[in-house]
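# An overview of the molecular structure
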Amino acid sequence: MVLAWLGYLANTRKAIVGVLVFGAFIAAIWQVLPEYNGGPLTLAVKLRRSLDEVLLTDGFDPTQMLLNWRGFEAYNAQLMFDNASLGRKLFGHGLGAAVDLGTTIDIGGDEPFRFLPILHNGFYNVLIKYGIVGVGIYTVAVLRLALMGMAVDGRGLLEDRILRGLIIVVLLSTAVITGLYNKSVLHGVELIIAWAIGLLSRYKETMRTLPAPSGVSDIPRSA
């Protein structure tokens, strides 16, 4: 959101540079964060855990399984995808598909479970249910929202910056809390996205109806 606010997502070139800089910053920070070896979860440890947990984890050690739960889910989803037929890899197993964790898990809930119908990693959630085609449609549809704004002097309108920052939030959250498929966590983000799109659409319509300035044959459109 800071990169978006500063205008680093105003056009494709700036967006690529901004994302690369952000990725390099996260990679550098991850190297110096402490690993969890028991005891209280401090802020620094939690940041390291959050980054580690996105990675695939194949260990069945109870402690590692719980510490890397998202990675453990994703690993088993990847196994399910690898063993699927070509048709299911392309189009998925269907909306009701669940991921087999390979063992019964008891994490203190109502009852032990082995099959997960919903994953924290939304990309794998879509991959299992709708296949590669589904992941492509989801990703393109979300990215398409980021292109609905208008660039002004290479910096972008404020609403455009907010919108593009929120799209980054959606894509990152899809990897950890199911993204737009989450029923409650992103409802505020979705409302602000709709608000920004509404303002930008209204602005674009206003720009289309305004007469061109004298001596100017066309008004620059969105970038």
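Residues numbered from 1 in each chain as written. Predicted model: local features only at pLDDT ≥ 70, side-chain atom pairs only at ≥ 80, totals over all residues. Heavy atoms only, no water.

A cluster of nonpolar side chains, contributed by Leu86, Leu90, Phe91, Ile132, Val133 and Ile137, occupies part of the molecular surface with about 580 Å² of accessible area. Of all elements in the fold, only helix H6 (86-91) and helix H7 (122-146) reach the threshold of two or more residues within the nonpolar patch. Positionally, Leu90 belongs in helix H6. Overall, Leu90 belongs to the partly exposed group, its relative accessible area being 32%. (Patch = residues over 30% accessible without salt bridge, like charges linked within 9 Å, V, L, I, M, F, W, Y side chains within 5 Å. Areas by Shrake-Rupley, 256 points an atom, 1.4 Å probe, with all protein chains shown as cover. Salt bridge = Lys/Arg side-chain N within 4 Å of Asp/Glu carboxyl O. Helix = DSSP H or I, 4+ residues; strand = E, 2+ residues; numbered from the N terminus. Buried < 20%, exposed > 50% of the residue type's maximum accessible area, 1.4 Å probe, protein only.)

On to helix H9 (residues 187-209). The end-to-end C-alpha separation of H9 is 33 Å, in line with the 33 Å expected for 23 residues at 1.5 Å each. The set of residues buried in H9 consists of Val189, Ile193, Ala196, Ile197, Leu200 and Met207. Elements in contact with the buried residues of H9: H7 and helix H8 (158-177). (Expected span 1.5 Å × (residues − 1). Contact = heavy atoms within 4.5 Å.)

Glancing now at the side chain of Arg48. Along the chain, Arg48 turns up in helix H3 (residues 43-52). Among the polar contacts made by the side chain of Arg48, one reaches the main-chain carbonyl oxygen of Leu33 at a distance of 2.8 Å. Excluding residues that lie within four positions of it along the chain, Arg48 makes contacts with Trp30, Leu33, Pro34 and Glu35. (Polar contact = N/O pair within 3.5 Å; in protein donor to acceptor, adjacent residues only side chain to side chain.)

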